[in-house]
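Residues per chain are reported as follows:
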Amino acid sequence: SQQGEEDPQALSIQEGENATMNCSYKTSINNLQWYRQNSGRGLVHLILIRSNEREKHSGRLRVTLDTSKKSSSLLITASRAADTASYFCATGGGAQKLVFGQGTRLTINP
Amino acid sequence: KAGVTQTPRYLIKTRGQQVTLSCSPISGHRSVSWYQQTPGQGLQFLFEYFSETQRNKGNFPGRFSGRQFSNSRSEMNVSTLELGDSALYLCASSPGASGANVLTFGAGSRLTVL
């Protein structure tokens, strides 16, 4: 079963625009992570936010976490064609087990 | 520093056969996890090994098994293949210590069962 649910399932924007993806989860967490996957390849870790953090930045990425609403958002600013990928949120399920959402498929149009 | 290496990258099998996939983690990483990715079910956790011991297991039938060797390399095996086993199998490694569990993934092994 999926812990995280991303919204929207698919997003298409113009290059240079900002992209926002949301993730909701069901149980209490220690941290939440975002990963990117390019076209059926392996996932790449983007950012981790701990449960006691509300916002975190990494380059063009901004992640927010609202534990009261059990939700997180990923903002990609000034999008580029290379940002075209699927984005997944993941929460820890014990040890190294991560529970992933279904993902948001992001398409950046030139 | 070499990344996580998975072999083979692509393979085709027929129903009833068995398959073994291999994963070499990042040097120094002691934890190896396996995930199955399908369009319908998404990314699902199979199992995790740490220091040659299975530390965590997902909700998959016993046809799915794995092991880890003393050099941290891991293999997973699927016996009596079914059409529904067609998927991208992803291996991920991490240092394995308690706390934040950031995973480094390999490129995956794409299995097609005919």
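Scroll up to find the structure this text is about.
Residues numbered from 1 in each chain as written. Chains lettered and ligands numbered in written order. Predicted model: local features only at pLDDT ≥ 70, side-chain atom pairs only at ≥ 80, totals over all residues. Heavy atoms only, no water.

Draft legend 1. Layout of the overall build of chain A. Each helix and strand in chain A was counted, giving zero helices and eleven strands. If you list the helices and strands of chain A from N to C, you get β-β-β-β-β-β-β-β-β-β-β. Expected size for 110 residues packed as a compact globule is a radius of gyration near 13 Å; at 13 Å, chain A falls within 12% of this value. Principal axes of the C-alpha set define a box for chain A whose edges measure 40 × 25 × 20 Å. In chain A, the share of contacts with a sequence separation of at least 24, taken over all contacts with a separation of at least 6, comes to 53%. Just so you have it, chain A exposes about 5200 Å², and 43% of that area is on carbon and sulfur atoms. Of the side-chain charges in chain A, 13 are positive and 9 negative, and the distance between the mean point of each set is 7 Å. (Helix = DSSP H or I, 4+ residues; strand = E, 2+ residues; numbered from the N terminus. Rg over C-alpha atoms; globule rule 2.2 N^0.38 Å. Contact = heavy atoms within 4.5 Å. Areas by Shrake-Rupley, 256 points an atom, 1.4 Å probe, with all protein chains shown as cover. Lys, Arg positive; Asp, Glu negative; His and termini not counted. Charge placed at Lys NZ, Arg CZ, Asp CG, Glu CD.)

Draft legend 2. The interface of chain B and chain A, seen in detail. Across the contact, 27 residues belong to chain B and 23 residues belong to chain A. Both sides together, the interface formed by chain B and chain A hides about 1900 Å², and carbon and sulfur atoms give 49% of it. Among the residues chain B hides against chain A, the three largest losses belong to Leu-43, Asn-101 and Phe-105 of chain B. Together they make up 31% of the total. The tally of links from chain B across to chain A stands at zero salt bridges. (Buried area = accessible area lost by both parts, 1.4 Å probe. Salt bridge = Lys/Arg side-chain N within 4 Å of Asp/Glu carboxyl O.)

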